[in-house]
Amino acid sequence: MTIQLAIAWLLTFLPITISPGPANLLVSSTSAQVGTRRTLPLMWGIVVVFALQTVIMAIGIGEILFRYPQLFTIFKILGAIYLFYLAVQFFRSSGLKKISEDVKLGFREGALLQFFNAKALTAPLIMYTQFLDPVTATRSQIVVLTVALVGLIIGSLLTWVVGGSLLQRVFQSDFGQKWQGKLFGTLLAGVALWILFR
């Protein structure tokens with residue numbers, strides 16, 4: 001990969017990975033409510049499934065989504081439904097103590113969210129279609145692109161986790177404890193609606 005192509009890749013995927021999507025908002029809101037350490041299993045669930053999805057795209061399964069775009073729509077709808085479920089869990093909770101009892105978001109929930117996260121499926125599809133020449137691509141190029149994208153996802157998610165932990169201090173007031181679940185639940189519901197109607 002040339003320097004120019006690497007810069008183009010970074011300018012393409014940094015905004016995609018750092019923008020507020022379902023995974024980023026969920027790890028941030030979870031971190032704000034339960035702290036960094038308790039959010040990491042959720043984050044790693046997202047990362048592992050994203051890495052698997054990216055590898056599967058690399059070996060050609062992505063072609064199925066190109067041929068059957070209705071599958072993409074199904075994943076989008078299922079992902080939005082799962083986000084609504086998570087939003088309700090956040091909305092029903094209030095306060096740091098209650099959220100830790102009510103909403104247990106770990107590796108499994110992160111993996112489920114990522115499995116149905118249609119936005120995340122577009123990133124490897126864009127990468128492999130725009131940054132690889134199917135005629136001249138080598139396995140090493142595919143591995144480098146895959147590792148780079150997964151690394152960028154890890155960095156992006158950690159940024160949102162740390163940002164959420166910083167927000168945790170804000171939500172320790174009486175007002176913050178009362179409204180934090182409602183705020184984050186509303187944000188997740190908003191993302192779910194955006195996914196369904198865009």
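This one's a predicted model, so the numbers in the text were calculated from it and none came from an experiment.

### Description of the nonpolar core
- Ranked by size, the top nonpolar core spans 39 residues in total, and within it Trp9, Phe13, Val27 and Leu157 carry the most contacts.
- Where this core is concerned, the elements lending two or more residues are α1 (3-18), α2 (22-34), α3 (36-58), α5 (69-92), α8 (118-130), α9 (139-170) and α10 (174-197).
- No other element matches the eight residues that α9 contributes to this core.
- Excluding its chain neighbours within four sequence positions, the residues that come into contact with Leu157 are Ala23, Asn24, Val27, Met43, Ile46 and Val47.

### Section: the side chain of Thr30
- Residue position: Thr30 is located in helix α2.
- A distance of 2.7 Å separates the side chain of Thr30 from the backbone oxygen of Leu26, its partner in a polar contact.

### Brief notes about the confidence of the model for the chain
- Considering every residue of the chain, the mean pLDDT works out to 78; 79% of them sit at 70 or more.
- A low-confidence stretch, residues 95-101 (pLDDT under 50), is modelled with 16 contacts involving residues beyond four sequence positions or located in other chains.

What counts and what doesn't
Residues numbered from 1 in each chain as written. Predicted model: local features only at pLDDT ≥ 70, side-chain atom pairs only at ≥ 80, totals over all residues. Heavy atoms only, no water. Core = buried A, V, L, I, M, F, W, Y, C linked by side-chain atoms within 4.5 Å. Buried < 20%, exposed > 50% of the residue type's maximum accessible area, 1.4 Å probe, protein only. Helix = DSSP H or I, 4+ residues; strand = E, 2+ residues; numbered from the N terminus. Contact = heavy atoms within 4.5 Å. Polar contact = N/O pair within 3.5 Å; in protein donor to acceptor, adjacent residues only side chain to side chain. pLDDT = per-residue confidence, 0-100.

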